[in-house]
Amino acid sequence: MSKPRVTIVGAGLGGALMACYLGRAGYEVELFERRPDPRSGKVVGGRSINLALSIRGIHALHEVGLADQVLALAVRMPGRMIHAPDGRLSYQPYDKDPDRAINSVSRAGLNQLLVETAERMPNVTVRFDHRCQDVDLDGGRAVLVDNESGAEVRSTGDLLIGADGAFSAIRARMQRLDRFDYQQAYLAHGYKELTIPPATGGGFRIERNALHIWPRRSYMMIALPNPDGSFTCTCFWPFSGPNGFDRLQTDEQIMSYFETHFPDAVPHMPTLVDDFKTNPTSSLLTVRCAPWHYRDRVVLLGDAAHAVVPFYGQGMNCAFEDCTELNRCLQQHVDVGTALASYSAARKENADALADLALHNFIEMRDHSGSAAFRARKAIERILHRFVPGYTPLYTMVTFTRTPYSETVRKARHQDRVVLWALLSLVFVVGVAVILAVLP
Ligand SMILES: Cc1cc2nc3c(=O)[nH]c(=O)nc-3n(C[C@H](O)[C@H](O)[C@H](O)COP(=O)(O)OP(=O)(O)OC[C@H]3O[C@@H](n4cnc5c(N)ncnc54)[C@H](O)[C@@H]3O)c2cc1C
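My aim in this report is to walk through the structure given alongside it, one point at a time.

So, how was this worked out
- The numbers attached to residues start from 1 for each chain and follow its sequence in the written order.
- Reporting of local features is limited, given that this is a predicted model, to residues whose pLDDT is at least 70; pairs of side-chain atoms are given and counted only at 80 or more, and all residues count toward the totals for whole chains, interfaces and linings.
- Here the side-chain values reflect all heavy atoms present in the structure, with hydrogen atoms and water set aside.
- Strands here mean DSSP runs of E at least two residues long; helices mean DSSP runs of H or I at least four residues long; both are numbered from the N terminus.
- Multiplying 1.5 Å by the helix residue count minus one yields the expected span of that helix.
- Exposure is judged per residue with a 1.4 Å probe applied to protein chains only, and the accessible area is read against the type maximum: over 50% gives exposed, under 20% gives buried, and values in between give partly exposed.
- Only heavy atoms matter for contacts: two residues are in contact if any of them lie within 4.5 Å across the pair.
- Put simply, a salt bridge is a Lys or Arg side-chain nitrogen that is within 4 Å of an Asp or Glu carboxyl oxygen.
- When DSSP finds two or more bridges between a pair of strands, those strands are recorded as paired.

Another aspect to go through is unusual backbone geometry. The bulk of non-glycine residues show a negative phi, and the bulk of peptide bonds are trans. Cis geometry is adopted by the peptide bond preceding P291, which originates at A290 and carries an omega value of -10 degrees. Tracing the backbone shows P291 in the loop between strand 17 (282–290) and strand 18 (293–294). Even without being glycine, R295 reaches a positive phi, approximately 45 degrees. Looking at where R295 falls in the secondary structure, it is placed in the loop between strand 18 and strand 19 (298–300).

What follows covers helix 13 (residues 405–438). An α-helical turn contains 3.6 residues, so a residue and the one three or four places further along point in the same direction. An ideal rise of 1.5 Å per residue puts 50 Å on 34 residues; helix 13 measures up with 49 Å between its terminal C-alpha atoms. For helix 13, the full list of buried residues reads Y405, S406, T408, V409, A412 and Q415. Packing partners of the buried residues in helix 13 comprise helix 2 (55–63), helix 9 (315–332), helix 10 (336–368) and helix 12 (394–400).

With that settled, the discussion passes to the pattern of salt bridges. Side chains that differ in charge, positive against negative, can pair when their charged atoms come close. Under the defined criterion, the tally for this structure stands at 24 salt bridges. For E325, the salt bridge identified is with R328, shortest N-O distance 2.8 Å. Note that E325 and R328 are positioned in helix 9 at a spacing of 3 residues, about one turn of the helix. Among the charged side chains, a salt-bridge network with shared partners connects D37, R39, E116 and E119.

Sheets are built from strands paired through backbone hydrogen bonds, the pairs being either parallel or antiparallel. In spatial order, the strands read 8-2-1-12-19-18; together these 6 strands make up an open sheet with mixed pairing. The open sheet has two edge strands, strand 8 (124–127) and strand 18, and neither has a second partner. Bridge count between strand 1 (residues 6–9) and strand 2 (residues 29–32): 4 bridges; the pairing is parallel. Across the sheet, the residue bridging to V6 is V29, located in strand 2.

Below, the structure is given as structure tokens:
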């Protein structure tokens with residue numbers, strides 16, 4: 001059987017990586033992107049300047065031969081640095097093994113590398129400035145508009161991959177199918193990015209090798225390092241109400257709020273007020289849908305199939321793992337319909353598990369990560385991990401292993417039950433021993 005010709009809509013992180021996978025496997029691929037080519041000099045607005053890359057993403061990049069190149073430009077983050085309201089710092093390693101780290105990478109740099117790698121393959125064509133506006137599901141074709149000429153363009157492949165992000169046009173068309181499940185939920189919190197520039201004369205103003213968190217219970221700020229010495233800070237605050245973005249309207253309100261809540265960050269943020277007023281406040285949402293495919297013609301990956309809130313640093317990693325799995329299914333099954341069904345079934349429960357983990361981790365990061373109880377729990381987890389064979393903390397399984405997300409959750413619940421029973425048994429035995437010792 002000849003390989004289908006593939007159209008991918010969306011040359012973001014997932015779509016561009018999928019083009020690399022399929023290009024290497026010998027498929028004819030057309031990759032369409034609605035934005036202009038970033039190399040054209042046209043300004044392209046974007047979200048999250050940097051991202052945390054971990055093992056699932058690294059594995060996928062390794063499979064397309066790019067992992068070393070990407071990691072060489074990344075900043076390692078082996079732990080989180082917690083900033084208390086009074087400016088005190090406490091460092092929490094992510095794992096018992098200090099060599100295990102998440103990696104801060106530039107979204108734009110990584111995206112460009114993936115697109116250029118795909119573009120270099122003779123069987124892949126990339127077309128920017130093409131926006132998908134409709135889909136012929138039965139034909140596996142996208143109907144696009146050339147933004148420059150206004151002309152309608154039809155893709156020519158037989159298999160259509162929707163990698164067009166959280167507001168996917170391909171998924172929107174699938175939503176009109178009978179028995180297609182779809183759910184979306186916005187957080188009451190949004191996010192705004194700010195900057196800590198490099199120190200005068202170069203270098204980092206705060207600890208370079210850490211993900212910084214200013215947890216303030218119902219809201220927080222985080223910062224990830226960039227190789228040039230700067231940090232990208234992200235405020236995750238409610239849109240409105242107490243501690244909401246809408247409360248800060250004037251320069252004085254912005255300065256005074258930051259001086260009260262993030263006092264140790266303010267001296268490092270010379271452009272704080274301008275950044276705060278200029279940079280957009282964006283929303284965060286979770287999308288769940290099923291099935292992710294239509295016959296042997298259309299399939300979704302990445303945020304188009306499962307947008308998650310960013311608090312586990314796994315959205316891109318999960319999108320990359322989708323590519324690994326879709327590629328594997330296409331290699332394994334000659335029949336494309338079977339390959340798509342098997343991919344869709346395998347990934348769905350994992351994406352649902354990640355969506356829940358990510359929502360839960362927001363509460364953990366903003367409410368608990370600054371507390372003594374949280375530090376104690378993490379210390380106990382590290383001790384158990386070091387000394388109890390088979391015990392692996394949930395964060396470690398999600399971030400530093402390729403255990404399917406749904407299995408990490410099941411395993412963590414089981415471990416928690418075992419540890420609880422072991423503690424209760426210990427308390428019981430000690431109690432009985434004390435009673436026996438004091439009895440005459
Ligand atoms: C603030 C924030 C921080 C994050 N941090 C992390 C992190 O640390 N680690 C991590 O793993 N993940 C993180 N993520 C998640 C990550 O950004 C996404 O999961 C990832 O970008 C998904 O990739 P994608 O290719 O599926 O979608 P996208 O990156 O959104 O790409 C979709 C592409 O499709 C194009 N497109 C859309 N509609 C059309 C159309 N109609 N026609 C043609 N093209 C179209 C878009 O222009 C875009 O280029 C974060 C997200 C946010 C918002």
